[in-house]
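A look at the structure
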Amino acid sequence: MNASTYDVALRATGIGSSASAACAGVSPYRTPLEEYYRFVEAIEQEQPRELNIDPEKAFFGHAMEPVIRAAFARETGMKVRANTRTFRSKQHPHLIATPDSFIVRERAILELKTAGLRTIRAWGEEGTDQVPMHYLVQVAHQMAVLDYDRAQLAVLLGANDLRIYRIDRDPELEQLLLGRLAEFWRRVQERDPPPPSTLADAALRWSKDNGAAIAATPALVECVGELKRLKRESKDLDALIDARELELKAYLGEFSELTGPDGKALCTWKAQQSKRLDQTRLKTEAPEIYERFLCVSESRVLRIK
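Residues numbered from 1 in each chain as written. Predicted model: local features only at pLDDT ≥ 70, side-chain atom pairs only at ≥ 80, totals over all residues. Heavy atoms only, no water.

**Side note on the packing of helix H2 (residues 17-24) against helix H3 (residues 32-43)**
Short version of the rule: Angles here are taken between N-to-C directions and fall from 0 to 180 degrees, while the axes themselves are lines fitted to C-alpha atoms, restricted in helices to the stretch in contact. The way it works is that DSSP assigns letters per residue, a run of H or I at least four long becomes a helix, a run of E at least two long becomes a strand, and they are numbered from the N terminus. Each angle is binned into one of four classes, with values under 35 degrees roughly parallel, values over 145 roughly antiparallel, values of 65 to 115 roughly perpendicular, and all other values oblique. The hand of a helix crossing depends on one turn: near helix anticlockwise from the far one by less than a right angle means left-handed, and clockwise means right-handed. Only heavy atoms matter for contacts: two residues are in contact if any of them lie within 4.5 Å across the pair. Only Asp, Glu, Lys and Arg are considered charged, only Ala, Val, Leu, Ile, Met, Phe, Trp, Tyr, Cys and Pro nonpolar, and every remaining residue, Gly among them, polar.
Two elements in contact, H2 and H3, have axes separated by 7 Å at closest approach and are oriented at 130°. By the angle between their directions, the pair H2 and H3 is classed as oblique. The interaxial crossing formed by H2 with H3 has left-handed handedness. Only Pro 32, Glu 35 and Phe 39 of H3 make contact with H2, whose side of the interface consists of Ala 19, Ala 22 and Cys 23. Within the contact of H2 with H3, the residues separate by chemical class into 5 nonpolar, no polar and 1 charged.

Right under this line is the structure:
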């Protein structure tokens, strides 16, 4: 059984800690509805849709785990061991977890992360539990599954900034999380999709229409009116933005940079190259290739009357 098959098989039997934040609705990367469809596809033995994950970041994240583990041990003097075993909660069988590592003789989890310097503001004071919410939820999930009361999270920010955070078990957070995950798992088992939380979710949930009409409620009549007003205001704002941009470009002319009184750049207008496919030329000079690779996509468009 290869790794991807193994992941799909596990997903069909329970919620892992890496999916916990998305299932609970607190992930900055995936919505509950997106995660719901991945679970349903795994259970029905279909190929789950691809996650929007940068393969480079994922590769380096896994590759750096031994380095961060060794750095944590050196920094703290604690003995740690790597983990590849998946655990299942006895009290909540629909929950599973595969922690990165354990701290020897302390019944404590060690979770290892890498993060870019652009996320530095999301990390609080070292030694606290002030970590990004989706990581806090992941560790809370792991402690609930293993019935551990403490965890450490070591993150390598950039290339050389190691920070260590202590996360103690929080009964209030855990109960809230368990409730959300139980409700999510019920939805998966009963094929009851979570409500959409983004426009992309709505397109995912209702990709087809039935051609019929439905009467609006008074609240939705008001909603349509407000949307019309916002779209008109948006057009006015776009026109104002274009006018200000034209004013700047007209002043810059052939100059590349506009500086303020302190000599610092206010804006730049520089040439840059980008590659794109010339579809008109391809269709004219190689119509057979154009037709061969032509794809027809279908999507629903909301038009306000």
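**A closer look at the side chain of Ser 89**
For clarity, the threshold we go by: Each residue's exposure class comes from its accessible area (1.4 Å probe, protein chains only) as a fraction of the maximum for that residue type: buried when under 20%, exposed when over 50%, partly exposed otherwise. Polar contact is the term for a pair of N or O atoms within 3.5 Å; when the atoms are in protein, one must be able to donate a hydrogen and the other to accept it, and sequence-neighboring residues count only if both atoms are side-chain atoms.
Following the sequence through the fold, Ser 89 ends up in the loop between strand E2 (87-88) and strand E3 (96-97). For Ser 89, a relative accessible area of 5% gives the class buried. One polar contact links the side chain of Ser 89 to the main-chain amide nitrogen of Gln 91, over a distance of 3.3 Å. Setting aside anything within four residues of it in sequence, one finds Ser 89 in contact with Leu 95 and Val 145.

**With respect to the environment of Gly 16**
With respect to the helices and strands, Gly 16 occurs in the loop between helix H1 (3-11) and H2. A relative accessible area of 18% means that Gly 16 is categorised as buried. Spatially, the C-alpha atom of Gly 16 lies 6.2 Å from that of Leu 95, the residues being 79 residues apart in sequence. Ignoring any residue separated from it by four or fewer positions in sequence, one finds Gly 16 in contact with Ile 96 and His 141.

**Observations regarding the pattern of salt bridges**
Test applied: Whenever a carboxyl oxygen of Asp or Glu lies within 4 Å of a side-chain nitrogen of Lys or Arg, that contact is scored as a salt bridge.
Enumeration over the complete set of coordinates arrives at 19 salt bridges. Between Arg 229 and Glu 233 there is a salt bridge, and its shortest N-O distance comes to 2.9 Å. Of this pair, Arg 229 and Glu 233 both sit in helix H9 (residues 218-252), 4 residues apart, which is roughly one turn of that helix. The class of Arg 229 is partly exposed, set by a relative accessible area of 34%.

**Considerations on the pairing of strand E5 (residues 108-115)**
Going by this rule: Pairing between strands is defined by DSSP: at least two bridges between them are needed. When the strands point away from the viewer and the path from the first strand over the helix to the second turns clockwise, the crossover is right-handed.
Among the 8 residues in E5, 7 count as buried, and that is most of the element. Inspection of the sheet shows strand E4 (residues 101-103) paired to E5 by 3 bridges, in the antiparallel sense. Across the sheet, residue Ile 103 finds its bridge partner in E5, namely Ala 108. The loop that links E4 with its antiparallel partner E5 comprises 4 residues; one of these, Arg 105, has a positive phi angle of about 60°. Across 8 bridges, the pairing between E5 and strand E6 (residues 150-157) is parallel. Note on E6: the bridge partner recorded for Ala 108 is Arg 150. Following the chain from E5 across helix H6 (residues 133-146) to the adjacent parallel E6, one finds a crossover that is right-handed.

**Quick word on the nonpolar core**
Considering soluble globular proteins, one finds that nonpolar side chains tend to be buried as a cluster. Heads up, the condition is: Nonpolar cores are built from buried Ala, Val, Leu, Ile, Met, Phe, Trp, Tyr and Cys residues. Side-chain atoms within 4.5 Å join them into one set.
If you look at the biggest cluster of nonpolar residues, it comprises 39 residues, and the most contacted ones within it are Ile 15, Phe 39 and Trp 123. Contributing elements (two or more residues each) for this core: H2, H3, E5, H6, E6, strand E7 (161-168) and helix H7 (171-190). If you tally residues by element for this core, the top one is H6, at 8 residues. Apart from residues lying up to four places away in sequence, Trp 123 is in contact with Ala 115, Gln 130, Val 131, Pro 132, Tyr 135, Leu 153, Val 155, Leu 157, Arg 163 and Tyr 165. The next biggest cluster of nonpolar side chains, apart from the first, holds 9 residues, and it includes Ala 108, Leu 110, Leu 156 and Ile 164.

**Remarks on the sheet that holds E4**
With mixed pairing, the 5 strands of this open sheet are ordered in space as E1-E4-E5-E6-E7. Strand pairing shows two members of the sheet lacking a second neighbour, strand E1 (80-82) and E7, which therefore form its edges. For this sheet, the mean inter-axis angle between neighbouring strands, taken without regard to orientation, is 25°. Strand direction decides the pairing type here: E1 and E4, joined by 3 bridges, are antiparallel. Looking across to E4, one finds that Ala 82 is bridged to Ser 101. Against the sheet, H6 makes contact with E4, E5, E6 and E7, and its axis sits at roughly 155° relative to E5, the strand it touches most.

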